[in-house]
Amino acid sequence: MQLVVSAITFLLFLVLNASIYASECDKIWVVENLKINEINENPTLAKQNAEKKVSRLAFEKLIRRISLNPSNLTDGLINEISINKINSLIDYRLIKEEKTLLNRYIGTFNFCFLKNKVTDLLSKNKIAWSELYSRPIIVFPVWKTEFVLRLWKDPNPIKKIINDKIKNFDGLINLIFPDNKIGVLRSIDAELAFKGDEKSIARAIDRSGSSRALNIIFEIEKLSSYENIDFELFNLSEDEKHKIVRIKVKANIHNNKGVKQGILYERNININSDIKEKEIKKIIDEIIFLLEENWKKANVFIGKNLSEVEIFISVNNLKYWVKAINKLKSLPGVKSVSTKKLDENGAIVILLVEGGIDRFISIVLENKMPFIGSKENLILDSQKL
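Scope of this entry: the structure provided in the associated data block. A quick note: this is a predicted structure, and the numbers were derived from the prediction, not measured. (Residues numbered from 1 in each chain as written. Predicted model: local features only at pLDDT ≥ 70, side-chain atom pairs only at ≥ 80, totals over all residues. Heavy atoms only, no water.)

### Observations concerning the overall build of the protein
Just so we agree on the cut-off: Runs of E in the DSSP output that reach at least two residues are strands. Runs of H or I that reach at least four are helices, and both are numbered from the N terminus. Buried residues are those whose accessible area, probed at 1.4 Å on protein chains only, stays under 20% of the maximum for their type, while exposed residues exceed 50% and partly exposed ones sit between those limits. Any two residues having at least one pair of non-hydrogen atoms within 4.5 Å are treated as being in contact. Every accessible area reported is derived by Shrake-Rupley at a probe size of 1.4 Å, with residue values counting cover from the shown protein chains alone.
Looking only at helices and strands, the protein features 14 helices and 14 strands. Residues counted as buried form 43% of the 385 residues belonging to the protein. The long-range fraction of contacts in the protein, counting pairs at least 24 apart against all pairs at least 6 apart in sequence, stands at 70%. Accessible area of the protein: about 21,000 Å², with a carbon and sulfur share of 50%.

This is the structure:
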């Protein structure tokens, strides 16, 4: 009798799955806080034009976020797509704030895009993309001069630059900066970070809840001699010559055991100390852009190589079933989810995914999904979602 009741219950799960409640928009497909200010003598036209422009802006921001760069195909798609096509890709558009004046419309918008429609469009246009966010990556800002070696303590010019960059970053790599986490700050000091000490880096990664570390090292040196620099070429005065400093930059990625995975970025330049901050900002932008592109390339989707992956969902409550199905559908590379078999403990489902089982396992690990079992017998504990 209980088996019959359980089976009936699960059938209800399947019927109600799509209609129990509106699914939340997964972060990757959300574009938030876009502001628009449109002028037109006709306030109705001002609002209509504003909505068209902000929708196009949202689409461009999304495509720039997930597509691999540089890409002439990407630029072509962004420039040529019609507003009607863009609107067909939007799940919903939320007006957070708006103000209509006599000849002006001012608004702030949030957007949610439809995953399958966007990825189908990219696939048809042969544009590679990634939709996988990384687990947190802690950043170490090492600043070294002939007088000081600093990491968390001030004055450290790159600390604030990196922190500000992280706060305003809209990409797939999840960079974190442990401003107020005392345990993390005490895990590693400037000298150990500079040396790349594996135990200290691993300890900081663990205490910060990160999966990796980005160790950025800036060394500033005053030039002791100028025989290797042709100052005549730059028409430098004697005072300007003494302002020249050498910046040596190296950025390394370390895994959760603290082991260096290779050099991400390395550069030595000579600059005028008056523009040092500007040059540092430029270099940090280059490092983060390079890390972002490497992440996308390592987790690229091209709309091909689809295969079936079978998993078992352990569930005993309707709300957990709905949550599990919606979460699986939102995972990067998952095109569809269908039920194969039901029993009193849950259900076997078939996922159509890009890249096969190995790529799928990598994705669920990055998303911290509560899976157990072997590659051949994956089990999702829905109550731990």
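What follows continues from the structure just given.
### Quick notes on the state of the cysteines
Worth spelling out the cut-off: We call a pair of cysteine sulfur atoms a disulfide whenever their separation is within 2.5 Å.
Throughout the structure, instances matching the rule amount to 1 disulfide. Here Cys25 connects covalently by a disulfide to Cys112, the sulfurs 2.0 Å from one another. Where Cys25 bonds to Cys112 through sulfur, the torsion about that S-S bond is close to 90°, and the disulfide is right-handed. With Cys25 in the loop between α1 (2-16) and β1 (30-39) and Cys112 in strand β3 (residues 104-113), this residue pair connects regions lying 87 residues apart in the sequence.

### Topic: the nonpolar core
What counts is decided by this rule: Definition used in this section: a nonpolar core is a set of buried Ala, Val, Leu, Ile, Met, Phe, Trp, Tyr and Cys residues joined via side-chain atoms within 4.5 Å.
Core analysis: the biggest nonpolar cluster contains 104 residues, and Phe113, Leu328 and Phe360 have the highest contact counts within it. Here this core takes 8 residues from helix α2 (residues 43-66), the largest share from any one element.

### Points about empty space enclosed by the protein
Worth spelling out the cut-off: Cavities and pockets were defined on a 1 Å grid built over protein atoms only: a cavity is a set of grid points that admits a 1.4 Å probe from which the probe cannot escape, a pocket is an open set flanked by protein on both sides within 12 Å along at least five of seven lines, and lining residues are those with an atom within 4 Å of any such point. Grid points are joined across faces, edges and corners, and a volume is the space filled by probe spheres set on the points.
Evaluation of the coordinates by the stated rule reveals 1 cavity of 30 Å³ or more. Space inside the largest cavity adds up to approximately 40 Å³. Along the walls of the largest cavity sit Lys115, Asn116, Thr119, Trp129, Glu131, Gly333, Val334, Lys335 and Glu354, which together make up its complete lining. Elements that contribute at least two residues to the lining of the largest cavity include exactly α5 (115-124) and β11 (334-343). Among the elements that make up the lining of the largest cavity, the one with the highest residue count is α5 (3 residues).

### A look at the packing of α2 against α5
We count it as follows: Every axis corresponds to a line fitted to the C-alpha atoms, with the helix fit spanning only the stretch in contact, and the corresponding angles, defined between N-to-C directions, vary from 0 to 180 degrees. Any angle from 65 to 115 degrees is called roughly perpendicular, while one under 35 is roughly parallel, one over 145 is roughly antiparallel, and all others are oblique. Take the far helix as the reference: if the near one is turned anticlockwise from it by less than a right angle, the crossing is left-handed, and if turned clockwise, right-handed.
α5 packs onto α2 with a crossing angle of 65° between their chain directions and a minimal axis gap of 12 Å. Comparing their axes, α5 and α2 come out roughly perpendicular. In this structure, α2 crosses over α5, and the sense of that crossing is right-handed. Here Phe59, Leu62, Ile63 and Ile66 of α2 lie close against α5, whose contacting residues are Val118, Leu121 and Leu122.

### Things to note about the environment of Ala324
Mapped onto the fold, Ala324 is located in helix α13 (residues 318-330). Classification of Ala324 as buried rests on a relative accessible area of 0%. As a C-alpha pair, Ala324 and Leu385 span 61 residues in sequence and 7.3 Å in three-dimensional space. Residues within four places of Ala324 in sequence aside, it is in contact with Ile313, Leu380, Ser382 and Leu385.

### Here we look at the sheet that holds β1
Which entries qualify depends on this criterion: DSSP-based pairing: two strands are paired if at least 2 bridges between them are found.
Taken in spatial order, the 3 strands line up as β1-β3-β2 in an open sheet, and their pairing is antiparallel. The strands lining the two open edges of the sheet, one partner per strand, are β1 and β2 (90-100). On average, adjacent strands in this sheet sit at an angle of 20° to one another, irrespective of strand direction. Pairing geometry for β2 and β3, over 9 bridges, is antiparallel. The residue of β3 that forms the bridge with Arg93 is Phe111.

### What to know about the packing of aromatic side chains
Where two aromatic rings form a pair, the distance of their centres and the angle of their planes describe that pair. Note the threshold: The aromatic pairing rule takes the rings of Phe, Tyr and Trp, using the six-membered ring of Trp, and pairs them if the centres are within 6.5 Å, calling planes under 30 degrees apart stacked, those over 60 edge-to-face and the rest tilted. Note on geometry: a ring has a charge over it if NZ (lysine) or CZ (arginine) is within 6 Å of the ring centre and within 35 degrees of the ring normal.
Under the definition given, this model contains 7 aromatic pairs. Ring geometry for Phe111 versus Phe113: centroids 6.2 Å apart, planes at 25°, classification stacked. Residue Phe113 is classed as buried on the basis of its relative accessible area, which comes to 2%. The residue whose ring lies beneath Lys27 is Tyr133, and the NZ or CZ to ring-centre distance is 4.8 Å.

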